[in-house]
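Each chain, written out:
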Amino acid sequence: MIDTSSILAVLPELVLTAGGLILMLVAAYAGDGSARLVNALSVVTLTVAGLALSCSLAHGPDAFDGLVRADAFSVYAKALIYGAAAAAILLAPRYFLSNGALRPEYPILILFSAIGMGMMVSAGDLLTLYVGLEMQSLAAYVLASFMRQDERSSEAGLKYFVLGSLASGILLYGVSLLYGFTGTTSFDGIAVALGDGVGKGELFGMVFLLSGLAFKMSAVPFHMWTPDVYEGAPTPVTTFFGSAPKVAAMGLTIRVAIEALGPAGLDWQQIVIFVALASILFGAVAAIGQTNIKRLMAYSSINNVGFALIGLACGTPAGVAATLSYLAIYVVMTIGGFACVLQMRDAHGKPVETIASLGGLSQSRKGLAAAFAITMFSMAGIPPLFGFWAKFLVFDAAVAANLTALAAFGIAMSVIGAYYYLKIIKTIYFDEPAEAYEAKGGAVENIIMAACSVVLVFGYLLNPLLDKASAAAAASLF
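Colleague: Any chance you could explain the overall build of the protein chain here in plain terms?
Modeller: On a plain count of helices and strands, the protein chain comes out with 23 helices and two strands. Computed over its C-alpha atoms, the radius of gyration of the protein chain comes to 21 Å, within 12% of the 23 Å expected for a compact globule of 478 residues. Taken over the C-alpha atoms alone, the protein chain extends approximately 65 × 55 × 40 Å along its principal axes. Looking at the 478 residues of the protein chain, the share that counts as buried comes to 61%. Taking contacts inside the protein chain between residues at least 6 apart in sequence as the whole, the part at least 24 apart equals 81%. Carbon and sulfur atoms provide 71% of the accessible area of the protein chain, an area that totals close to 17400 Å².

Colleague: What is the right way to read empty space enclosed by the protein from this model?
Modeller: The rolling of a water-molecule-sized probe over the atoms marks out the regions of remaining empty space. For the structure shown, the criterion picks out four cavities of 30 Å³ or more. Taken as a whole, the largest cavity holds about 70 Å³ of empty space. Taken as a whole, the second largest cavity encloses approximately 50 Å³ of empty space. Residue lining of the second largest cavity: Tyr95, Thr235, Val341, Leu342, Met344, Arg345, Pro351, Val352 and Glu353, and that is the complete set. Within the lining of the second largest cavity, the residues separate by chemical class into six nonpolar, one polar and two charged.

Colleague: Explanation requested: the packing of helix α11 (residues 200-217) against helix α15 (residues 265-286) in the structure shown.
Modeller: The geometry of a pair of packed helices is captured by two quantities: the angle between their axes and the separation between those axes. Interhelical geometry of α11 versus α15 gives an angle of 35° and a closest axis separation of 11 Å. Considering only the axes of α11 and α15, their crossing is right-handed. For the pair α11 and α15, contact is made by Leu203, Met206, Val207 and Leu210 and by Asp267, Trp268 and Ile271, respectively. Residue classes in the contact of α11 with α15 are distributed as six nonpolar, no polar and one charged.

Colleague: Any chance you could explain the pattern of salt bridges here in plain terms?
Modeller: Per the stated rule, a full pass over the model turns up 15 salt bridges. In this structure, Glu231 engages Arg295 in a salt bridge whose closest nitrogen and oxygen atoms are separated by 2.9 Å. Within this pair, whereas Glu231 is found in helix α12 (residues 226-232), its partner Arg295 is found in helix α16 (residues 293-314), the two being separated by 64 residues in sequence. Each member of the pair, Glu231 as well as Arg295, is classed as buried. Here the salt bridges share partners, and the residues they tie into one network are Arg152, Glu155, Lys159, Asp228, Glu231, Lys294, Arg295 and Glu353.

Colleague: Even after reading the chapter, I still don't get the environment of Ser42, so can you show me in this structure?
Modeller: Following the sequence through the fold, Ser42 ends up in helix α3 (residues 35-51). Classification of Ser42 as buried rests on a relative accessible area of 0%. For the pair formed by Ser42 and Leu16, sequence separation is 26 residues and the distance between their alpha carbons is 8.8 Å. In this structure, Ser42 is in contact with Leu23, Ile89, Pro107, Ile108 and Leu111, ignoring residues within four places of it in sequence. From its side chain, Ser42 meets the backbone oxygen of Val38 in a polar contact 2.7 Å long.

Colleague: What should I look at first to understand the side chain of Ser357 in this one?
Modeller: With respect to the secondary-structure elements, Ser357 resides in the loop between α17 (317-341) and α18 (361-364). Polar contacts involving the side chain of Ser357 include one to the main-chain carbonyl oxygen of Thr354, which spans 2.6 Å. A polar side-chain atom of Ser357 sits 2.7 Å from a polar atom in the side chain of Tyr437. Setting aside residues up to four positions removed in sequence, Ser357 forms contacts with Met344, Val352, Ala434, Glu435 and Tyr437.

Colleague: Would you mind going over α3 with me for this structure?
Modeller: Counting along an α-helix, one turn takes 3.6 residues, and residues three or four places apart therefore face a common direction. If you check α3, its first and last C-alpha atoms are 24 Å apart, about what 17 residues at 1.5 Å a residue would give, namely 24 Å. Along α3, the positions that sit buried rather than exposed are Ala35, Val38, Asn39, Ser42, Val43, Thr45, Leu46 and Ala49. Angular distribution of buried residues about the axis of α3 spans 155°; they occupy a single face of the element. In α3, the exposed positions angled more than 90 degrees off the buried face are occupied by Arg36 and Leu51.

Colleague: I tried to follow the environment of Asp267 on my own but got confused; where do I start?
Modeller: Along the chain, the position of Asp267 falls in helix α15. Each residue touching Asp267, except ones within four places of it in the same chain, is listed here: Val198, Leu203 and Met206.

Colleague: What exactly am I supposed to notice about a nonpolar patch on the surface here?
Modeller: A cluster of nonpolar side chains, namely Leu281, Val285, Ile288, Ile416 and Tyr419, defines an oily patch on the protein surface of about 400 Å² accessible area. Looking at the nonpolar patch, the elements that each hand over two or more residues are α15 and α21 (404-430).

Colleague: What is the right way to read the environment of Glu259 from this model?
Modeller: Residue position: Glu259 is located in helix α14 (residues 244-260). Taking the C-alpha atoms as reference points, Glu259 and Ala450, 191 residues apart in sequence, are found 39 Å from one another. Excluding residues within four positions of it along the chain, Glu259 makes contact with Arg69, Asp71, Phe187, Ala191 and Leu477. Engagement of the side chain of Glu259 in a polar contact is seen with the side chain of Arg69, the distance being 3.1 Å.

Calculation criteria
Residues numbered from 1 in each chain as written. Predicted model: local features only at pLDDT ≥ 70, side-chain atom pairs only at ≥ 80, totals over all residues. Heavy atoms only, no water. Helix = DSSP H or I, 4+ residues; strand = E, 2+ residues; numbered from the N terminus. Rg over C-alpha atoms; globule rule 2.2 N^0.38 Å. Buried < 20%, exposed > 50% of the residue type's maximum accessible area, 1.4 Å probe, protein only. Contact = heavy atoms within 4.5 Å. Areas by Shrake-Rupley, 256 points an atom, 1.4 Å probe, with all protein chains shown as cover. 1 Å grid on protein atoms, 1.4 Å probe; cavity = no way out; pocket = protein on both sides within 12 Å on 5 of 7 lines; lining within 4 Å. Points joined across faces, edges and corners; volume = space filled by probe spheres on them. Nonpolar A, V, L, I, M, F, W, Y, C, P; charged D, E, K, R; others polar. Axes fitted to C-alpha atoms, helices over the stretch in contact; angles between N-to-C directions. Left-handed = near helix turned anticlockwise from the far one by under 90°. Salt bridge = Lys/Arg side-chain N within 4 Å of Asp/Glu carboxyl O. Polar contact = N/O pair within 3.5 Å; in protein donor to acceptor, adjacent residues only side chain to side chain. Expected span 1.5 Å × (residues − 1). Arc of directions from axis to C-beta. Patch = residues over 30% accessible without salt bridge, like charges linked within 9 Å, V, L, I, M, F, W, Y side chains within 5 Å.

Dropping the structure here:
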């Protein structure tokens, strides 16, 4: 039954839908000249949707007969998604302007993608899960190939579409198996069915479902699309891919694992531990030889997904809370890192992506060099920066859940992973100067870069708020 309270539960999605449709009409009527206006109004729409989250939380836990969850977990995840989406929109105009591709469709696609991501983290049913995931993915395929005249961008979009379609098929097969053997698509119903024991059919369905979700997170062994898409897609799009969809995919995986597959914890825990170990190891090792900064960030994202999954592998409220805190800090690091990458421009204003071009940056652009160093040190998990706290939380949760070996492996791989982050800092501060970048960066990029750097340095002051929010979000699942 659809009532007022159910409408309030999806109010953020309704705001984004109305905003996206109106802005699409504006873009169609005013043409490319409206790009900056649509950009600004898209950020306003995301802000209003963020404010509407309080209405969805006031409604209650379930809406539309359990198809949608409106709880603290969904509010937490959506707040991260909307913030990351807004940052990706704000960082875009200067980049696309320099490439002659500033068009109003970009922020509109992000708005529609945000609707899908909101449905993902609010899903209470396998059908809602799939609809939300596909809505997010369809917009993402177009965004990856947004610069149609760029061969790399077109290739990235095609690869993402082909591999994404394969992953969607795998996930849908898992959904059909779970429905066939449990007789329901509801998360609560699946949990009840699994409580009577996990049969082989249900186990296969679980494996296929988690495999499809692993692709969306770019976790090993379903990571193959990530480096090529990150490198080929326009840098603002890569910023978006590295932040908001990661939160949505991880949030959906957490909800499915805890709410739907909770009684089968011992079964899915083994899968999550394997994926976490493989992602941490591969992400740490494969990034070492990279010469392109965007490909390095792609392998870094695979590595970070592995660390975040350590918290989920615990299967405890403390472990889920640690993963949620990790995601919040990871979003700040990713946006800050790509804000720095967007400043990598030669004297003519053309984007540069090679790590070698950072040589001597500390002499020509001291502020950019410092922001790069803060972000890289934080990603490496070096104290006292905020990235250290993210890793500490998941390792602490793992030890508390008697997964000491997993935590020890993660700590060891952190040392290996630190190498390629420190290599960038070494290039910036100690290598011979390369060709100088443009003398001054964009104002919006500078503001976002500075804000992220401040959070990474003084983020510990936010710990009481972050810990309380992540604990409340995790508790709502249990």
